[in-house]
Amino acid sequence: MNFQIVLLWSDALLWLLLVSVLGFAGLVLRSEPLRAAWGKIGASRKGMAAATLLVVFVLIALLDSLHYRPRLPDMAEGRPVYGVEVYSLLDVVLTQARTRLEKTYSAPFATRLYAKENIEQADGRRVRDYPRLKHGGTHLGDAEDGVAADAFVTALKGWALALALWILLAAALTAALAWRRGMTVRDSWRPPWRCRDGLAWDAVLWTLALILLLAVPLALLSADYHVFGTDKVGQSVLYQVLKSVRTALVIGLVPTLVTLPLALLFGLLAGYFGGWLDDVIQYLYTVLSSIPGVLLIAAAVLMIQVVIDTHPDWFASAVERADLRLLALCFILGLTSWTGLCRLLRGEAMKLRELDYVQAARAFGVGHTGILTRHVLPNVMHIVIISVVMGFSSLVLSEAVLSYVGVGVDPNMTSFGTMINNARLELGREPVVWWSLLAAMASMFILVLAANLFADVVRDAFDPRTV
Amino acid sequence: MLTVRDVRVAYTLGGLELTAVDGVSFDVAAGETFALLGESGCGKSATALAIMRLLPANGRILGGSVCLGEEELLALPECAMRRVRGGRMAMIFQEPSTSLNPVLTIGVQIGEVLAQHGEFPKAEARRRMIELLALVGISDGARRLDEFPYQLSGGMKQRVMIAMALAGTPEVLIADEPTTALDVTVQAQILDLMTKLQAERGMGILLITHDLGVVARMAHRIGVMYAGELVEIAPRREFFEAPAHPYAQALFSALPDAMRRDEELCTIPGQVPGLGEMPPGCRFADRCPHVMPVCREQSPDWRTVENGHVVRCHWQGGSAGEPCGKKGGDNQAAVSGEPILAVSDLKVHFPIRRGILQSTVGHVKAVDGISFELPAGRTLALVGESGCGKTTAGKAILQLLPVTAGSVRLAGTELTSLSPRQLRAQRRLAQMIFQDPFASLNPRLRVSEIVAEGMRALGGKMSTVERQVAVVELLQQVGLDAAGSGRYPHEFSGGQRQRIAIARALAVRPGLIICDEPTSALDVSVQAQILNLLKSLQNDFGVAYLFITHNFGVVEYLAHEVAVMYLGRLVECGSVDDVLRRAKHPYTQALLSAVLVPRLEGQGEVIRLQGEIPSPANPPAGCHFHQRCAQAMPVCRQRYPEVTATESGHTVACHLYA
C-alpha cells in the first residue's frame, strides 16, 4: 500500500455520529408518531431547503474526515516509511487549490500580488512593481486585461454545465419517485413540483439548482484563478473555507455527545425523584452556570495546551496534536453547556411525574427505571431534539469567538474562527485585505442560517404547543 | 334584540376550509335566556365567538347576519365593533382562572373595562367598581379591588368576570359554559346571580351549555345544536315535556339517575361526525334510532311541532319510543365475608415548608382521618366538592402518595406497612382509572403496549403471543375493535381512550378499581357508554369500585353506598337511598339541594351555603362546617362531632344527631 490510514479521534466521533443518526432514522421509520413529526419537517419547504444545504456541508466534512499519510519514496529496502503530513480525501480533491501557493496576499481574480516587490527584469534592471502571480491567471499570458471576459466565458460554461447536471438530477429524482409510487414517469413529472403531501422535493431541487449554479462555475474558475484570493502565506482562501467546514461541524456536533448524557441523566433524575437528589443537582448546575463560560473554557484549554506541549511524543503528526486540542475544546464546551437543557428536562420530568399515565404505571408496580425509560424519556425527546438542533448554531458561533480570543482550536487548524482571527490584523492594512474575512463570514453565515432555519422547522414540528 | 340569521363559520386547517357552523338562526329577546345545548364539537362556542366577532385567526365568518337591535354587527368596522363588545354585548367564559390576568389586581382589570365605556374621575371609577362588585355579591369590594386573582376562589373569580361583563351595561350577555368548572354549590350561587341580574336589567342571555340541569334551571327557550346545525328550537316547557328531535331525546335518555338503576343507559352509537366528513343528508342519520332512507339523501327542513317549537327532522313520530335500556340486572347479591377494602383513620398530610431551611411550619390536611369499608363487588361513591381530598384519598389507598397515618387493608393485607417489594405483589388487586382520558395514556406507546403494561409488570411469565391474545380479548371486553391495538392513543376519541384505560386496569384482573371521575371529561352520550361498561364489568367480574365523583346522577345510577367528604373528613356515610333520600348532615342536604335536575319540576328550595370551603391547611376549630352551617350550635364551634350510626349502617358526624 502506498498510504497509511490515519483515524483521528474526531473522525471516529463524526462517523459514529453519522451511524447513530442513520440508526435513529431507522427507528423513526418504524415508530409512527416520530415518523409523523419528521414527516412534518419533510413536508416543509423551508426545512427541506435548509436540510439540503446542511447535507452538502456534511458531505464536505465527511470527505474531510478520511485521513491518510502518503508513503514516502523508499529510502531503503524493508519497512515502508510514511510522510509526516496527514491528508484527507478532501485534500486530494482540492490538490490544485492546496498546492498552488502564491508568495503572499492576492485579491480574488487577481493576476498580480497585492504587495509591491523589487523585480529583476530580463535586462538586469530592478523595478518596484506588483509581481505576476505564479498560478493565478497565468494562462492569459500578457493579456491581463482579459480577466473579466475570460472569467465570464468560463462562468457561462459552468452555468451551462450546472444546468445540465441539474436537469439530469431532477430527471433521476422524478424517475425514482415514479418508480416508488408505481406511476409512469410522464405522470409523475408533476408531483415533485406540486406535491402537497409527502416530502417537499421541489424545495430540494431548487436548493440544489442554486448550489450547482454557484459551485460548478466556482470549480471551473478556480482551475485558473484564486477565486476568493489568497492569504498571507499565499494559500487559497477557497481551500481554507472548505477545510473550515469540518471544524465547524465537529464543534457543532461533538459537544452534544457530552451534553446529552449529562443533561438527560441529571435532568430526569432531579425532576423525577425530587427531594435531596434534586437539591444536589440544582446546586451543581447553578454553581456551574454562574462561572463565566469563557473563563472556564480558557482555563481548561490552556491546561490542555500545557499537557500537549509537555508530551510531544504522544503525537505522530501535527494534525493529531491539533485534533486532540479540538476534542478537548468540544469536551469543555459540552461540559459548560448542559445546564440549560438539564433545567428544561428537570421541569418537564417534574410535570410528567404527576401525569396520570405515570401514576397508572406506578399503580402497576412498574419500577423507576421502567417508568423513566418507557414513560418519561420518550416524552421529553422532542425537547432534546429541539435543543440539540438549536444548540448547533450557537456552538459554531462560539468557536469563532473563542478562536478569536485565542483559546479556540489549534492555530494550525483551519477554522472559521482562526480565519477571522488572522483577518483581523489585515483589516488594519492600507489598502485593506477584505476577502479572507468576507469569505469566512459569508460561509459561516450560510451554515448557521441553514442550521437555524432547520432548527425553526424542527421546533415547529416537535413543540406540542404549536398546532 | 339579538337576531342571528344563517350564520356560517369555517375554520382553515391544513389548507382545507372546514365548516364548523352551518346556517344557524335564532333570536334572543330582551330579558330572555336562550340556551344553546349540545355536546362538545357541535359548534356552540364557534357560534358565540362569531357573534362577538372574536374567532381565532384561522376562523372566518362565511356569511349570514347578526343584528343587535337594528345594527348589523357583521358589517361594522373593527373599531366600531370594539365599542359593541363589552358595551352592548359582553361575554363570560368557562374557565374563570384563565380569564383573569394573574399579574394585575382586580381593580385594574375592571377599571380597564370601565375606561372603555366612559371617562370617569378616579374616585368615581372606584366607587362604580365597588358598586359592580356589590352587584355580583362581593360585599367587601373596597378590599377585593386591590387583590390579585390568585387570592380569590374559583366562584369569586367568576363573579369578578361577571362584574367586568356588566361594567359596560350590556344588553346581551353571552355565557359560554359559565359554571362548568365550578362546584355545584357555587354553580347554584352563580346561576342565581345571573337570574337576578337579568331580572333587574332586562338583559338577554345567550347561554351555552351541555348540561341539561343548567338548561332546566335557566333557559326560557332552548336551541339544540348538532354537528354545526341547529336541529330543534323549543320553549322550555315543550322541550322538557316532549323533545321532538331524536338527538334531544337521546340526550335525555342517556342521563343516569336512580330510576334507571336496573337497566342499561341509552347510548348514542358512534360519534359526532368530523368537520371534514359531514354526511350529505341529515347529519344525525348515522346515529339515529329512527333513521329512514330519506334522511340519508335530503337534509330536513324546519317543521313546526307546535307554537314556537320547531324541529329539523323527517321523522314525525312522537317522543315515546321503546325504552332502549335492557335490564342490566343490578348486582344486588348480598356480599358476605371480608370487605375487599377496609380503610380506617387514613390521614394524608402534606407539609408546608417555608424559609431558607425549608422548615415545616404546618400541614395541609388533605385527608384527615377517614374510615370506611367496601365489600367485594360493590360500588362506594366518594362525593364532595373540589378540594375536599377525594382524589388524594384515592391515590393514598393505592399507596401512590405517602400515607401519614391510618391503615389501608386490601383483601386482608395491610398495605401501609409493606416494603416496596411486598407492595408490588399486592398491586395486582387494586387499579385506578383517571379523569382525563388525554393525560392518562402515554402518547408514545401503542394501545397494545399500554394495555399490556400491567401484564408486563405483574403478570409474571407470559410469552409475547399470550400477551397479545390477552390484549385482544381485553379490548373486546371493553367494546373496542381489536384492530386498534396497533394504533396510538391520539387516533381515538375521548370515550374510546377511557375504554383503553379501563382495559389497562382490567388487564391484571383487580378486585378493586378506583375510578377518579372517569366520566366528567366526557359528553353525556359517551358517559352513558362508559357507565354501562363499568356496570357490566362489575356484573361479570365482581369488581368493586371506589367511585370518586361530584356528579350525583352518576352516584344514583351506579353506587350502592355513598360517602360524603368535606375538608378531608367523611361527614356522612350510608347506602345510596339513605344518603341521597334521607340526608342527615346539613352539608349533604345543602349539596343535594344545589344539584340541578334536568326536569321541569323537582328543583326544591336550594339551601344557600355561606362563603367558601376553608383551606385544609387551616381548618376551622370544632366542626369544620360550622361557619357555613345554618343550624350551627355553640357546641359545633368547640369540638368536632362524634360519628353516630343508625341500625342500617347510616353514619353521620354531626352534633345534631349526637
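Given the structure is predicted, the values throughout are model-derived calculations rather than measurements. (Residues numbered from 1 in each chain as written. Chains lettered and ligands numbered in written order. Predicted model: local features only at pLDDT ≥ 70, side-chain atom pairs only at ≥ 80, totals over all residues. Heavy atoms only, no water.)

Caption draft 1: Spatial organisation of the overall build of chain B. Assigned secondary structure in chain B consists of 22 helices and 24 strands. Against the compact-globule benchmark of 26 Å for 658 residues, chain B has a radius of gyration of 26 Å, which places it among compact chains. Taken over the C-alpha atoms alone, chain B extends approximately 75 × 65 × 50 Å along its principal axes. Each of the 658 residues in chain B was classed as buried or not, and the buried ones make up 55%. Contacts in chain B between residues at least 24 apart in sequence constitute 67% of all its contacts with a sequence separation of at least 6. For chain B, the exposed area adds up to about 27200 Å²; of that, 51% sits on carbon and sulfur atoms. (Helix = DSSP H or I, 4+ residues; strand = E, 2+ residues; numbered from the N terminus. Rg over C-alpha atoms; globule rule 2.2 N^0.38 Å. Buried < 20%, exposed > 50% of the residue type's maximum accessible area, 1.4 Å probe, protein only. Contact = heavy atoms within 4.5 Å. Areas by Shrake-Rupley, 256 points an atom, 1.4 Å probe, with all protein chains shown as cover.)

Caption draft 2: Quick peek at the nonpolar core. Ranked by size, the top nonpolar core spans 143 residues in total, and within it F26, M89, I174 and F239 of chain B carry the most contacts. Looking at which domains feed residues into this core, each of domain 1 (244-319) and domain 2 (341-441 + 507-657) of chain B supplies at least three. Excluding residues that lie within four positions of it along the chain, M89 of chain B makes contacts with L2, I51, M52, L68, L73, M81, V84, P170, V172 and I174 of chain B. Counting 47 residues, the second-largest nonpolar core is a separate cluster that includes L249, A450, A451 and V457 of chain A. (Core = buried A, V, L, I, M, F, W, Y, C linked by side-chain atoms within 4.5 Å. Domains from an automatic or database assignment.)

Caption draft 3: Region of interest: the side chain of D516 of chain B. All names here are of chain B. Relative to the helices and strands, D516 resides in strand β19 (residues 512-516). Put simply, D516 is tucked away with no salt bridge, and the nearest opposite charge, on K395, sits 5.7 Å away. Among the polar contacts made by the side chain of D516, one reaches the side chain of T391 at a distance of 3.3 Å. Every residue in contact with D516, bar those within four places of it in the chain, is listed here: T391, M432, I433, F434, Q435 and I548. (Lys, Arg positive; Asp, Glu negative; His and termini not counted. Salt bridge = Lys/Arg side-chain N within 4 Å of Asp/Glu carboxyl O. Polar contact = N/O pair within 3.5 Å; in protein donor to acceptor, adjacent residues only side chain to side chain.)

Caption draft 4: Just the domain arrangement of chain B, in detail. All names here are of chain B. Per the domain assignment, the segments making up chain B are domain 1 (244-319) and domain 2 (341-441 + 507-657). Using C-alpha coordinates to define each centre, domain 1 is positioned 37 Å away from domain 2. Interface area, domain 1 with domain 2, both sides summed: about 1400 Å², of which 58% is carbon and sulfur. In this assembly, domain 1 and domain 2 are joined by zero salt bridges. (Buried area = accessible area lost by both parts, 1.4 Å probe.)

Caption draft 5: Molecular detail of the side chain of T52 of chain A. Relative to the elements of secondary structure, T52 of chain A occurs in helix α3 (residues 45-63). With near-sequence residues (within four places) excluded, T52 of chain A lies in contact with V204, T207 and L208 of chain A.

Caption draft 6: Inspection of the pairing of strand β11 (residues 302-306) of chain B at higher detail. All names here are of chain B. Looking at chain direction, β11 and strand β12 (residues 309-312) are connected through four bridges and run antiparallel. Bridging from a neighbouring strand, R303 pairs with V311 of β12. Between the antiparallel neighbours β11 and β12 lie two residues, among them G308 with a positive phi of about 80°. (Pairing = 2+ DSSP bridges.)

Caption draft 7: The interface of chain A and chain B, seen in detail. In this assembly, 21 residues from chain A lie in contact with 30 residues from chain B. With both sides pooled, the region where chain A packs onto chain B buries about 2200 Å², and carbon together with sulfur makes up 52% of that total. Of all residues in chain A, D356, F364 and R374 of chain A give up the largest surface area on contact with chain B, accounting jointly for 34% of the area buried on that side. On the surface where chain A and chain B come into contact, there are one salt bridge. For R374 of chain A, the salt bridge goes to E453 of chain B, with nearest N and O atoms at 3.8 Å. Between chain A and chain B we count 10 residue pairs in polar contact (both at pLDDT 80 or more) in total.

Caption draft 8: Here's a closer look at the sheet that holds strand β2 (residues 16-28) of chain B. Residues and elements named next belong to chain B. What the four strands build is an open sheet, ordered β2-β1-β4-β5; its pairing is antiparallel. Each end of this open sheet is capped by a strand with a single partner; those strands are β2 and β5 (71-72). Both strand β4 (residues 59-68) and β5 contribute to a ladder of two bridges, which runs antiparallel. Looking at the pairing, L68 lines up with E71 of β5. Lying on the sheet, helix α1 (residues 44-52) is in contact with β1 (2-13), β2 and β4; it crosses β1 at an angle near 110°. (Axes fitted to C-alpha atoms, helices over the stretch in contact; angles between N-to-C directions.)

Caption draft 9: Up close: the confidence of the model for chain B. Overall, the predicted model of chain B reaches an average pLDDT of 86, with 96% of residues at or above 70. Confidence scores differ between elements of chain B, with helix α3 (residues 96-99) of chain B showing the lowest mean pLDDT of 83 and strand β3 (residues 33-37) of chain B the highest of 94. (pLDDT = per-residue confidence, 0-100.)

Caption draft 10: Representation of a nonpolar patch on the surface. All names here are of chain A. On the surface, a nonpolar cluster with roughly 570 Å² of combined accessible area is contributed by F152, L156, W159, L163, I167 and L213. In terms of residues, the nonpolar patch owes the most to one element, helix α6 (residues 147-181), which gives five residues. Relative to the elements of secondary structure, L156 occurs in helix α6. Look at L156 and you get partly exposed, because its relative accessible area is 42%. (Patch = residues over 30% accessible without salt bridge, like charges linked within 9 Å, V, L, I, M, F, W, Y side chains within 5 Å.)

Caption draft 11: The arrangement of helix α2 (residues 78-87) of chain B in detail. Residues of α2 of chain B that are buried include every one of A80, M81, V84, R85, G86 and G87 of chain B, and no others. Buried residues along α2 of chain B sit against α1, β4, β6 (89-92) and α7 (154-166) of chain B.

Caption draft 12: Inspection of the pattern of salt bridges at higher detail. Per the counting criterion, the structure on display carries 39 salt bridges over all chains. Residues R126 of chain A and E120 of chain A are paired through a salt bridge, measuring 3.8 Å at the closest nitrogen-oxygen approach. Both residues of the pair, R126 of chain A and E120 of chain A, belong to the exposed class. Three or more residues are tied together by salt bridges with common partners; here these are D22, E229, R283 and R312 of chain B.

Caption draft 13: Structural detail: the environment of C288 of chain B. With respect to the helices, strands and loops of the structure, C288 of chain B is situated in the loop between α11 (246-253) and α12 (293-297). The buried category is assigned to C288 of chain B, whose relative accessible area is 14%.

Caption draft 14: Broad picture of the state of the cysteines. All names here are of chain B. Taken as a whole and assessed by the stated rule, the structure comprises zero disulfides over all chains. A disulfide-free cysteine, C388 has its sulfur positioned 13 Å from the sulfur of C573, the nearest such atom. C573 sits in the buried class, given a relative accessible area of 15%. (Disulfide = S-S within 2.5 Å.)

Caption draft 15: Layout of the packing of aromatic side chains. Residue and element names in this part refer to chain A. Considering all chains together, one arrives at 22 aromatic pairs over all chains under this definition. Pairing F109 with Y225 gives two aromatic rings, centres 5.5 Å apart and planes at 55°, and the pair type is tilted. Remark: Y225 occurs in the loop between α9 (201-221) and α10 (237-273) and F109 occurs in the loop between α5 (95-99) and β4 (117-120); sequence separation between them is 116 residues. Each ring, one from Y114 and one from W435, has its centre 4.9 Å from the other, and the planes form 90°; the classification is edge-to-face. Note that Y114 is positioned in the loop between α5 and β4 and W435 in helix α18 (residues 435-462), a separation of 321 residues in sequence. Side by side, Y114 and W435 carry an identical accessibility label, which is buried. (Phe/Tyr/Trp six-rings, centres within 6.5 Å; stacked < 30°, edge-to-face > 60°.)

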